[in-house]
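A closer look at the structure
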Amino acid sequence: MLRAPLPLVSALLLAGLLVGCSSTTVDKTAGWSPNRIHSEAQDEMNSGAYDKAVPLLEKLEGRAAGTPLAQQAQIDKAYAHYKAGEKAQAVATLDRFMKLHPASPALDYALYLKGLVNFNDNLGLFSFISRQDLSERDQKAAKDSFEAFSELVTRFPESRYAQDSRQRMTYIVNSLAQYEVHVARYYFQRGAYVAAINRAQVALADYQGVPALEEALYILIQSYDALGMTQLRDDARRVMDKSYPQSAYLNGGVKGKSDPWWKVW
């Protein structure tokens, strides 16, 4: 068996060591103070480079462990994930923060940010192009958002974020009710009148005082009429006349896809 000359073996080993050394990642923050790391992370966030801010904030969280600066790093990291569109990472970071710091003065903001993460997820990047209604999307995120905002206004009613949270909660409730009406409308337009009645009744039973109920009542009236259930149709019509005496639905019918109910937040 042929053997490589010793000088050649040594050269190969040396080359391998050099390659290994050259591939080692250099930590540019090694000599930085926590304050400098924080400043650099803020600069990255201010410039929109959230992907670069996250590793800096992770470094800061470790270097400043046990200090308010470390808590700020966690909150900032959650915000960076949120702005980068990384919903799961943002929520996980916020849940960890709230578990580790239940008495933090920033707890109301953490709840508010958690609500925002899920709230914006519902809107979708191209909803304004496709005209897809918020109420037509998956409702789990909307419910998660509502829970976060609700906990905020319950625990911190005087928080600077409470008023905006209440408004967003109203918007979410409208969305959830409209979701049921959207499904009822879908069934009605395809002649599935029993299914349309069931979904309209869900909206009427589960939600109070929201705009979607006007259309829910109209779908109920029309579905009963299509099935020849005149008594129930007339009962629903009396409720409609009393609740919405100037209803445009009684003149214009079920609204079409080109007339979305919502506005961009």
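Up top is the structure.
Model, not experiment: these values are computed from the prediction.

**Comments concerning the packing of aromatic side chains**
With the rule as written, the count across this model stands at 9 aromatic pairs. Taking the centre distance of 6.5 Å and the plane angle of 75 degrees together, the rings of Tyr 50 and Tyr 79 count as edge-to-face. Here Tyr 79 lies in helix H4 (residues 68–83) and Tyr 50 lies in helix H3 (residues 50–63), a separation of 29 residues in the sequence. Residue Tyr 50 is classed as buried on the basis of its relative accessible area, which comes to 15%. Note on Tyr 109 and Tyr 161: the rings are 5.4 Å apart at their centroids and 50 degrees apart in plane angle, and the pair reads as tilted. Placement of the pair is Tyr 109 in helix H6 (residues 107–123) and Tyr 161 in the loop between helix H8 (140–155) and helix H9 (162–189), with a sequence separation of 52 residues. The exposure class assigned to Tyr 161 is buried, which follows from its relative accessible area of 17%. Here the aromatic residues Tyr 109, Tyr 112, Phe 149 and Tyr 161 are joined through ring pairs into a cluster of three or more.

What counts and what doesn't
Residues numbered from 1 in each chain as written. Predicted model: local features only at pLDDT ≥ 70, side-chain atom pairs only at ≥ 80, totals over all residues. Heavy atoms only, no water. Phe/Tyr/Trp six-rings, centres within 6.5 Å; stacked < 30°, edge-to-face > 60°. Helix = DSSP H or I, 4+ residues; strand = E, 2+ residues; numbered from the N terminus. Buried < 20%, exposed > 50% of the residue type's maximum accessible area, 1.4 Å probe, protein only.

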